[in-house]
Every structure is written in C-alpha cells, then in structure tokens.
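Residue-level structure breakdown
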Amino acid sequence: MSNSVSHNLIQQHFLRPTVLEHQSKLKNSSGVPTNSFCATASLNQSSAQPRKCKISTKFYGNSVSVRKQKLAMGSQRAVKFIPQAVLAADPASEHLGKFNIDGNIELQVDASASTSRSITQLNFRIMYSSDSLLLHWGGIRDRNEKWVLPSRQPEGTKNHKNRALRTPFVKSGSSSYLKLEIDDPQIQAIEFLIFDEARNKWQVSLVLFLRCSQLLEEPSKMNLLFVLSLFSICRMKNNGQNFHVKLPRRETSISNISVPEDLVQIQAYLRWERKGKQMYTPEQEKEEYEAARAELLEEIARGASLDDVRAKLTKRNGQEYNKTSIQETFNKTSIQETKNKIPDDLVQIQAYIRWEKAGKPNYSPEQQLREFEEARKELQSELEKGVSLDEIRKKITKGEIETTVSKQLQKKRHFIVERIQRKERDLMRLLNKHAVKPVEESIFVEPKPLTAVELFAKEKELDGSPVINKKIYKLGERELLVLVTKHAGKIKVHLVSDFEEPLTLHWALSKMHGEWLPPPQDVLPCGSVSLDRAAETQFSTNFSAGLPKQVQCIEMEIEDGNFEGMPFVLLFGGKWIKNNGSDFYVEFSQKSKQVQKDAGDGKGTAKALLDRIAEMESEAQKSFMHRFNIASDLMDQAKDSGELGLAGILVWMRFMATRQLIWNKNYNVKPREISKAQDRLTDLLQSIFTTHPQYRELLRMILSTVGRGGEGDVGQRIRDEILVIQRNNDCKGGMMEEWHQKLHNNTSPDDVVICQALIDYIKSDFDVSVYWKTLNENGITKERLLSYDRAIHSEPSFRRDQKDGLLHDLGHYMRTLKAVHSGADLESAISICMGYKAEGEGFMVGVQINPVPGLPSGFPDLLRFVLGHVEDRNVEPLLEGLLEARQELRPLLSKSSDRLKDLLFLDIALDSTVRTAIERGYEELNNVGPEKIMYFIALVLENLALSSDDNEDLVYCLKGWHHAINMCKSQSAHWALYAKSVLDRTRLALAGKAEWYQRTLQPSAEYLGSLLGVDQWAINIFTEEIIRSGSAATLSLLVNRLDPVLRETAHLGSWQVISPVEVVGYVDVVDELLAVQNKFYDQPTILVAKSVKGEEEIPDGTVAVLTPDMPDVLSHVSVRARNCKVCFATCFDPNILADIQAKKGTLLRLKPSSADVIYSEAKDGMLANSNSSNLKEDSPSSITLVRKQFAGKYAISAEEFTPEMVGAKSRNISYLKGKVPSWVGIPTSVALPFGVFEKVLSEKINKEVDKKLQILKKKLGGDFGALGEIRQTVLHLAAPPQLVQELKTKMQSSGMPWPGDEGEQRWEQAWTAIKKVWASKWNERAYFSTRKAKLDHDYLCMAVLVQEVINADYAFVIHTTNPSSGDSSEIYAEVVKGLGETLVGAYPGRALSFVCKKSNLNSPQVLGYPSKPIGLFIRRSIIFRSDSNGEDLEGYAGAGLYDSVPMDKEEKVVLDYSSDPLINDGNFQQSILSSIARAGNAIEELYGSPQDIEGVVKDGKVYVVQTRPQM
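Anyway, here's the lowdown on the structure attached to this text. Please read all numbers here as calculations on a predicted model, not as lab measurements.

1. Thoughts on the packing of helix α23 (residues 859–869) against helix α24 (residues 876–893)
Two elements in contact, α23 and α24, have axes whose closest approach is 9 Å; the angle formed by their N-to-C orientations is 150 degrees. In terms of their interaxial angle, α23 and α24 are classed as roughly antiparallel. Every pair of crossing elements has a handedness; the one defined by α23 and α24 is left-handed. Judged by residue contacts, F859, L862, L863, F865, V866 and H869 of α23 engage P877, L878, G881, L882, E884, A885, E888 and L889 from α24.

Put into structure tokens, the structure is as follows:
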C-alpha cells in the first residue's frame, strides 16, 4: 500500500473510537496511552497488489465508526452453537496476502469454500503468540447497521453483551490461528477487531472487504480486497466512517432444482404468521412468496432433501399444514383483517400508552372498552395517513410496554392501577423516644486573646475610615493581614504580618482580575524597586507598644478609581509564598452584600466547635476532599458536644450544599479522592447513627447534604466516563470539553444538574432554552458556570445523529454522578442497595456493587414496584409502596452494619420521594371527599414519624387519624368533630417540630454564618428552608386543606367565641399577646394576635383579642376577657383573619354571637356610643385590698378557716365538706394562714433575705427585671422550727402524710414548694394585674392551702352558667387527662368540652374533643395552693394569677386519645361527663349562685378541689 493510500485511510477515520475504552490504564499527562500497540501500518511489498479502488466514506455497519458511538456489537442472539475445528488448514485455499503490523508482526488471511459450497471459510494466521488473543467480530445483513451473530461459531466463542462475538485464536508455536465458517446466506459482510485480552489492548483494527468482482463472469472465482487499518490511539482522530464489507456470493448448484409450489405456499404462510399476520399489498405478497422460495432453495443447497423439507414444513408444533387449510386460514384472516385492520396487540399497547399519559387512573370496565375503541381509532387514523403496520409497531412498541401489557393480559386486568398489599402493623412499633434536652455547652471556653495582627487591625479600624476590605490569611503558624480603607478619595492598603524574618512583597496593580500592571512611581512606598510588570517592597518593622509582639507592615496610597485591585505574592527566605498555590489578590471595592450581623456570643451553640470550623474554612474551600476530611476530623468534637455539636456540622454542610461557601479554589482533585473523603465522613456518620440513636434525625439530615460518596472506583468513573461519552459521540469540543475540564479539575453536585440540563436539552429536540431552564431552576446561572476554576463558557450544540447515543450515555453517567453526589436520589439509592455492575473497558475502571445482605423477603419486588410507579399521576399506590418500603427497612436501620449508610441513603430517598409525590398529587385531592384527604394526611404523617427521633406525639396523632377514618367509614355522628381535634393536635405537633428546628439550628446558623460571611438572607431563612424541604411542610398544607371541610361538616363555623362582647376599636396586629400584655393602648384597640397561650394579661385599652390560636375557654386569659368585658374569639379561617389583619389601623365594629363574629368598618362617632373606651389608665380604682396580719399561728386546720386567716379558696373547700352528696369527694386540707410569710421574713435567720428584698422592691419603680430577682431571693428563706412543728402537727392530726417522715430531703422539697407559692406574688402577670387595678401590691397577702394530691385520671373545670352564651340553664365544662394544670395553665391544645342542660343531666353534649398532647401525672404527694386576699374581689378577677406548686414534680406524659375510653367508649363517656355535670349542679344549688369549680376524677369517682363564684 502506498503512503498516500495509507494516509488517506487514516484521514477517513474508519475506526471506531470505542477502542479507547479498551486501552491501557497507563496514561501520559494528556490522558492517552503511552504505549499504543500499533502506530503505523504497511503492506509487505511482496504481497499481491490490490486492485485500485475508491474508498467509500458512507457508513453501513455498526463497527468502528465514530458517529455511532456504541461498541461494535450486534443486536441478534445466536440461534445455535456448533463447535468447529480451528486448526485445520485447507491446502486449496487461495493465498490473499501478507500484512506487516508495526514492522515485525505478520498477519496472513486465506479464504476458501467448504465442500457443501454453501459455506465460506476464512483462515487467519498472525505471527503473534498469545494465549489471550481474541477476534471481536460480527456479520452484516441487509445493510443493517447492527451486527448479527452467526449461528455457526468456532469453539470457545463467547457472546459479548448480545452485540458481538469474541472468538479466541489458538496459539501454536510463535503464531496464532483461527478459522471462521459463514453459512448464513443473508450475511453479506463481516467486520472485526483483534484484541489482546490479557494486556487489555486493542492491537489491530481490521475491516475485511470481500466482494465478488463485478467484471468477472465466473461467480465462483473470488476477488478479495483486504483493507488493513493500523493506528495509534493517541494520534488518531476518528471523524470518518466505517467501510461496508461484502462477502462473495457463494456458488450453489441449485439452478436446476425446483421447489413444489405447495411447499413455497406453506413457507410463505409460516413467514406471514411470524410477522403477526399483517395485511400485505400485492407487491409485498409477491416479495414474500419469492423470499419463501429462496429460503427453501438455500435449505436444499445445504443438503436437505425435498422429503425432509416437506416433513419439516407440513407438521410444525403438532399442527398439519396443507394448501387447503392454509387457503382457508388466509381467507378467514383476510375477512377479519379487512374488517379490523389493526391487530389487537397493537390496540392494547396504544390503549396502555393512553392510560399512562392520563396518569394511570382506575377505569371501570365501560371506560376500558371506550379507551380500547379510542386507541383503535388513533391507530386506524395513522393507517389512513399511509403509515404501515410495521412502522406503527416500531413506533409504539417498547420492551417494557410489551412486557407490562402482557402481564395485564395474563391477569385479565386491563389498565387497573397496581397496588401493594400493606402489612398490618401495630403503630406503636413506630415509636421512638430518643428525646434530647436542649443543651448548651457546659464547658466554659475562655476567649482566645487577639493576636498581634488582629490587634493591629482593630487599632486601624478605630481611626474612623471606612473599611473596604479586610482579610487575615493563615500562613502556617504565621498570619498576614490585608486591610483596605478609604479616606479623602484615596485607597489606603495596609499589609501586616507577624513574620520575624525579613519579608518582601512582590506586587502589582490591576484593572481586572488576573492582570499584573506595573505600579506608577507615585504609588511606590519608600525603598521599593520597579520590575517588569511588578514591583518589590520590603516590609518594615513596627514596634507599637500596644502589640504583644512586633509586626512587619507596608502602607501605600492609591487614587480611588484608577485600579480595581492588587495581586501579590510574598518572598521569604528565597521562597515564594502563595495563597494555596495561587496569587493573593485584594479588591479595592466593596462587594454588594447585605451587612453582616455581629457574630454575637454564640449562645445556644457549640461555640468552640463553630469557632474551629471558621478557622478551618479557608482550608476547606480548596476542594470537597478537604472539606469532607476536615468534617471527619471534627466529628468527635461534634459528637461530644451533643445535639448542638451535630447541629453545627449540619449548618456548615448545608451552607456548603446551598452554595453559600466556596466549593473549589484552584485545587485539582480527582473524583476518586473526593468520593473517598465522602466515604470517610459518611462512615463516621454511620457509626454515630448506631451508637447515638438520640441524634439520628440530625445525622440523616447531615447525610442528605453530604451525598453518598462511593467506593473510589465509582468516583473515578466520573473522570473516565466523560471521556468515553465524548469519544463515543464525537463531541470533543465546545461545551462538552469545557465540562470535561471542569469535571477533571473538581467535580461537584452542580454536575448532576448540568447532566440533567443536557438530557432535557436533547430530549426537547435541542432547544437550548430548556437547557438554561433546568440550570436556573436548580440555582445554576451563567455567572456560576463562569465562576468555576475551569469555566463553562459555551452552550451545548449537538448533531441530530448524536441524539440516541448521548441520551443513552448521559443517562448512565447520571447514575455515576448521583451515586457520588446525591444523598436523596431514589434510583441511585435502590441500585446501590440491590447491587449493580458496571463493566470496566480499557482505561475505564469497572465497578461492582454487591447487594446489601439481609434485606427482607420480597423487598426487591417492592422497590421495583416503587420505581415502576414513581412518575404516576395517581400517587396513592406509590405512596403506599414508598411507606411499605420504609417500614420494611426500619428494623435494619437500628442494626450495626458495614452497609448501613447505603440503607440510610435509600431511606432518605424514599422519604424525599413521598414529599415530591404528595406535591404532585395535590390536584388529585381537589374533588375527593374528606376520608381520602385524611388518608393522605395519615400517609404523610407516617412518613414524618419514620424520620423523627422523638416521635411519640406524631405516632399518637397518626393513631388518631386512623381512628377518625374508621369513624368516618362507620358514619359516626361525631367523626368530623373528632377529626378536627386530631387535626388541631397535628398542627400543634408541627409547630413543636418547627420550634425544635428553630431552637436547635438557627443559633448555629446565625453564629457560624456570621463568622463565614454567609449572605444575611441565607442565614435569616435557614431554619425555614429546612422545614420547607421536609414532610412537615407537606403535611401542613394537607391539614390546611382539610380544616374548612371538617369545620363545615361538624357545623363549627369559622369562629369560636369565648367572650361575646360587641365592641368598636382600631385594629392592631402583633405576633404574641405576651409581648404586649403590659402595654397601654391610648385608644380602643382590637388586637389580632398570632399567638395566645392562655396565661397572658390583656393590655389596657384593648377591647378585643382575635387569634388563630386555641386557648381553652376556661383558661386564665379567657376568664380575664369575660371579666373585663373584652371580646375574645378564635378564628379558624385564615382568609377571614388575613382580611382583618389587612385592616390594620382601621376602625372596626365587632358583633359576636355564640358561634360567629360579624365585622364591619365603623365611623368615629360610634366610639362615643360604645363601651370600648371604658379602660382608662387614670381611672380611679373602685376596689381595695386590706392588709392581713399574722394571727399567731403558723398552721391551721380546716375548722379554723376564717376570712381573717385564709382566702376564699380555702374557706369554700371547707364549706363543702359534709354538704355535697356523698359520691362527691372533698380532699382533706390544712393551711398556712395570712401573715406567715411576713412573719418568717422578719425572723433573725432571714435578716439578709429581708434586707435584699427591700432593696429589690425599690428597684421595681423602673426596673421590672427585679421581679425575677425577688422570686429567687424569696427561695432563700429559712423555715423557723416552730413553723415546721406546727405544720407537722396539723397535717398529721388531719390524717395527711407528713413529708418529713420520708426524710429531711422530702421536707426540703415541701418547704421549697411553699416558698414558690409565696414568691408567685411577684410573678409578672400578677404584679402587672394589681398595678392595672390600682391595688396596693404591698397589701396583697398570701395564705397557702395544703392538700393531698389526688393522682387523677382526669381533671375538669365547670362553669355552671355557659360562659360563651350566658345561658344559665346550661352547664359548660372542660376535661383533660391527668392533673388540671394543663387546663388552667399555658399548655397548648384544647380540652374536651361539653354542655349539659340542668334539666337533663344524664345527656351531656360533646362540643369538642381534646387536642392537648401533654398530660400531667404525679405520685401520691402534697400540693400547696395559692390563696391570696386579692383573688376573689368583686369586680377584679384575681383567680389563677398565682401559683399552686406540688411538692413533687409532675411527670409529663404524651397522651394517646385513641385508646382512651372517655373518647371511644360511649357509655363510659356518658357516665363520667354526667357525674361532672351533676356535681357542678349540686354545688351551684348549695351556694345559690353560678360557680367556677375545679375537680378531678379518679377511678370513676368525682372529687372537687376548689370552687369560687363564677365571674
């Protein structure tokens, strides 16, 4: 071959780039093999000279082309395997030529015909001895691009991915031999490569071109042209196309053989059956008939007799075929086909496609029939347009669809949504009680003294010049400060370092980043030396007295506006010092960032850890590898700091994940190194997850921000696969090359988004706006692409013929990217847990991930179900599958395992998919009933419970929803009322979750964010974004959707009116009533308060309080509102509330009824006629307090309770004793009377306490903070011995247990409780209440009522006149589980409420079910109740202002109402509520006036613990 021809062949690039996948892993710096096997190709000149020919550049095959990027493989499976001898040599074969490879390797090829003359033999001999030499080959048929795999294969041949054959050469001495036999008459060409498997090299690429000479009349004489292409991988540029190679036609002796027509007809019929009995045109029928004849002739040519052929054809599959039966079948089918035309299987597939597009709805049988007809019409329309059935079939059939449809047919279920059968589980198995108390760092961390450089900076900042830029660089043990200030139109640059040895600044100026311009002479500091494009200046020593050590500094002044910045490096001891390998650069202008808040004191954070993170951030910015390794190094410190330590790591990682921190700064890291660093970190997180279950929720969140990582080989494939994609798809330049460079420099989670953007762009038929849309929606702008160290400047641009290959390859690449970077990608997580294998080819490493051992039975099928329905519009079956998978996975997550993190990432992905599925399914809920919405709420709540550490409240909410659904199904009259209570409790649980996030994360976000210079807006919304990204936000939306439905069904309306007073006032909006309770409004004000807890005071000047919150009707604030004639109501409709809030500053008139509030704008004149202006700060007080004196007794019994000794609370309970019905219990009581506190305070042992107390009381005039100090001071009182002795005597004589009998510590507990009651005289609420009422606070005296605590099942409060309606014929009561403190105190949620007509006390009517999540329970103990002389004054509601304190601390119990008989047992409920109502009625009759009664129920018995007149 001449050099020109050889050069021409190389320029044509007919060798596939796929060979690059099979090269050596040894590369030079350019990433290509350093020792390609073949570099040149030449022909042995002694060989026969080939006929001169024109090389075709048209692509016909699927072999080594550059434009078809897949490995040379066929598409058909081998039909049979026939072992062949491979060493036999045919002496009659024609010697075709010898070819030299690389000058010293010879290849010889011979061709011959076998004895049957229907087989072509090809003999290969290569002067290369290897046990691992393979022929990678396939056949070409009908100019099809795909390789076909001949059935006749030499021994040892292996099928390579069903796309090619690999046949081993046989080593013999110094040569290797191989013989192929081609017997398929339809194979017109072969293509092949030679591959050394042991050395993993493509050694020779050959295209064999065998064709029959068109000029020769004798077809048996073959003229074969071999084109040998030998190449060097590192030098080739494959932009050409493959040669199409034809085999010679084999001569057969069949010209004189005729085949009977009946056999031809049978053969044609069988071909027609195989092709689906299609409708043929006359021309197609003729072609099929002749093709059938040709097939039979070929079979006879192979040696078969006519009798053999007839026997074979006429009896197939147990059925006899003859001309008559075939003609009848043809006729019947023709009639049927003429009628229907479209085969039923195509109609079925088309109907399935329609069903998928519609979101897989559940069709009725009638709808299914209509869908089939519509599908048939669509296909018929295509036929009428001239599209053939073959084309239709090719267009609409895919393997997955055909398989799915066939399964549907087998089940006789046509397009009905599949559902998994969920297992019955006890919901209590979901329970986690890993509650963590909020912990601040208990270790005092002494602030580090400022360094000399920091002190210098502080001194310079104090001179008043604006600071433009400030940066302190850590240079090993030394520091460098760069401080830029602006003064009098000039930029002043200070450079300061604590180096002790001489230091030189090598610097320049720039007008743009990256530029070095020589500084002007007037800028150079004294002693500077000008160089080419730079200058050098020696640092001078500064001996400031205020610095702990000497520093070196340089100062220079530059005219503002002349330059943008200053690049520089340092010269120290003959060595250059750079900034992490790059030049230092300081900017002369401020960046437009929100003003950073001061970092503060770090309260509520793991401060020492966060300070350490801030110190390491400059190192972490180098690359993800550095950041993850630093995080790993800090994990022990974080773990030891508890919840706040892990919260700090989460905040740091999330700042990283949201791109608030620099990902890479001029540091080239291999993806393998990044994934190893991720592995190290995730392994540590996995370990802590096992050993510290109380932190699992935080650990899951950290894992989701970090990403999985993966074995090093997975990370390395990021680098390798992009090369393969480029070479396979001929896209080596432009955007793909820029992305390739970015990936090689430093891969990041952005690459997942870029890959998805490319896929979307290609799928959109190359619409570049789709590319940018995907990028922008995921936070990647053009500026961000340009900001990478290896910037991406270009937009993608591909050819249409690259579409299929790119979609295939990028789809696979996405799995690799997600495996490393994504912690919540479902498909990636599933494939890792189930195991997968990615072949290594050439330089690209192989990856094999084994399945996680010990997965539950049926779990793989469950995951396949999830993946198969993950995009369904009908999301309910998907949600069930996702949650079933999480439930199955849950037991494995509590066990230690090497693969635990893979299971965690799968669980995180399943969790995330629930949220996205619900969001997609919102539309589905638009037209459904409440039962369906409740079911969806239960599903999402289950998902949230599975992801939460302390989930007890969530689990009980979930049980409540299941109970509500059952009530709804059974058409219970109270189902909506009960569901509303569960909904309210769910809201409280979500609010509690949000408060935990805020308390745990936000302080760390604010402190660390300030230290790291994070944008202030990102800090402000940190916790909000955490909440929005989880199931809690999704659940909140569903709850809001259901709320109005339940209110309407339960006839609750939009309001609950607690105090129905008609008022006129100006609207004001506040977040919390507590924050304004001490404020005075100088005009009648309607307060809209987002939060009302129940214990607040109502501010002076307030005429109405409207809130979305749910305080109890009998809470303190509710009672105060009714007593003060203030309108008080809860609004359940957010739209109504928003409308009122929008009227801020507007004068409104409120007209409440018992269940509604009508509001309208009012005129100023209405104020004069309303009672809204009756609260004046200077109005005289009509009530007074009478100071009580010590009567000489420290303790008294119930018989001694008189107005001079105790308050009304004690006297009333004494009065009830013996007067109420016997079935109503009254606890035994004693008291510490009025004046005892003052007497104790005056004792000598308490002289210092008294002195301090007097000082603090004087401070109260202007410092209300002294109230807390007073309360603490009271707790230092010592008990006089006489008090102890008298109290002991009275308690024992009354039959009460004496705490001291259990030890001195028990008495100290009791004494502390007594002091807390006295100290509550100075709680804020009580103090400001007496001030507003113009009562002399010094005259307020406190007796203490002592009672034995009844460990109650339920507690209640009764108002014997309905407080909301004023109906005196109706008793209103509220009931809670446990002690009554949750009812009268500021405990969130509603109590069970009911009314009962006094005329029918056995028929209580429930108004609302309980939503309080917490109940208080206590051991047998003593309670000390406040009983002041200011609690029951006429015209002043002092009840509930002061504290009642039990000797023992109550136990908080999360309540499960679904198992409470008061909720689900109608008879029990009627019995208890009736008993409470009858007790209230009896006490009202005893006093002859409406009563406010408190009591408890224990074992079905009612006890009354106090009563007072109802205000």
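2. Notes on the sheet that holds strand β35 (residues 1196–1197)
One open sheet accounts for five strands, arranged β35-β37-β38-β44-β45; its pairing is antiparallel. Edge strands, defined here as strands with exactly one partner in the open sheet, are β35 and β45 (1445–1446). By the bridge criterion, two bridges tie strand β44 (residues 1421–1428) to β45 in an arrangement that is antiparallel. Within β45, the residue paired with I1423 across the bridge is P1446. Helix-sheet contacts for helix α40 (residues 1304–1319) involve β37 (1229–1232), β38 (1342–1349), β44 and β45, and the interaxial angle to β44 is about 20 degrees.

3. Considerations on the pattern of salt bridges
The full count for this structure, using the stated rule, is 74 salt bridges. Here R354 makes a salt bridge to E371, at a shortest N to O gap of 3.0 Å. Taken as a pair, R354 in helix α6 (residues 344–357) and E371 in helix α7 (residues 365–384) lie far apart in primary sequence, 17 residues in all. According to the relative accessible area criterion, R354 is partly exposed, its value standing at 22%. Given the relative accessible area of 14%, E371 is considered buried. With a closest N to O distance of 2.8 Å, E880 and R419 form a salt bridge. One end of the pair, E880, is in helix α24; the other, R419, is in the loop between α9 (399–411) and α10 (452–461), and 461 residues separate them in sequence. Through salt bridges with shared partners, one network takes in R422, K423, R425, E884, E888 and E942.

4. Describing the packing of aromatic side chains
Following the criterion strictly, the structure yields 22 aromatic pairs and no others. With centroids separated by 5.2 Å and ring planes inclined at 50 degrees, the aromatic side chains of F624 and W663 adopt a geometry described as tilted. Of this pair, F624 sits in helix α12 (residues 624–640) while W663 sits in the loop between α13 (643–657) and α14 (671–691), and the two are 39 residues apart along the sequence. Accessibility assignment for this pair places F624 and W663 in one class, buried. Positioned above the aromatic ring of F1132, the side-chain terminus of K980 is 4.4 Å from the ring centre. A cation over a ring is seen here: R1478 above W1223, with NZ or CZ 4.8 Å from the ring centre.

5. Some thoughts on unusual backbone geometry
If you check the backbone angles, R533 has positive phi at about 65 degrees while not being a glycine. Here R533 lies in the loop between β19 (529–531) and β20 (534–538). Take R533: its relative accessible area is 53%, and that puts it in the exposed class.

6. Digging into the pairing of strand β5 (residues 133–141)
With nine of nine residues buried, β5 is to be regarded as a mostly interior element. Note that β5 and strand β10 (residues 187–196) share nine bridges and pair antiparallel. Bridge pairing in β10 links L135 to I194. Direction of pairing for β5 relative to strand β7 (residues 164–168): antiparallel, over a ladder of four bridges. Paired with L135 across the strands is T167, a residue of β7.

7. As for the side chain of T1273
Note that T1273 resides in helix α38 (residues 1266–1274). On the basis of relative accessible area, T1273 is assigned to the buried category, the value being 4%. Polar contacts involving the side chain of T1273 include one to the main-chain carbonyl oxygen of E1269, which spans 2.7 Å. Not counting residues up to four positions away in its chain, the partners in contact with T1273 are V1249, K1252, L1253 and L1256.

How each quantity is defined
Residues numbered from 1 in each chain as written. Predicted model: local features only at pLDDT ≥ 70, side-chain atom pairs only at ≥ 80, totals over all residues. Heavy atoms only, no water. Axes fitted to C-alpha atoms, helices over the stretch in contact; angles between N-to-C directions. Helix = DSSP H or I, 4+ residues; strand = E, 2+ residues; numbered from the N terminus. Parallel < 35°, antiparallel > 145°, perpendicular 65-115°, else oblique. Left-handed = near helix turned anticlockwise from the far one by under 90°. Contact = heavy atoms within 4.5 Å. Pairing = 2+ DSSP bridges. Salt bridge = Lys/Arg side-chain N within 4 Å of Asp/Glu carboxyl O. Buried < 20%, exposed > 50% of the residue type's maximum accessible area, 1.4 Å probe, protein only. Phe/Tyr/Trp six-rings, centres within 6.5 Å; stacked < 30°, edge-to-face > 60°. Lys NZ or Arg CZ within 6 Å of the ring centre and 35° of its normal. Polar contact = N/O pair within 3.5 Å; in protein donor to acceptor, adjacent residues only side chain to side chain.

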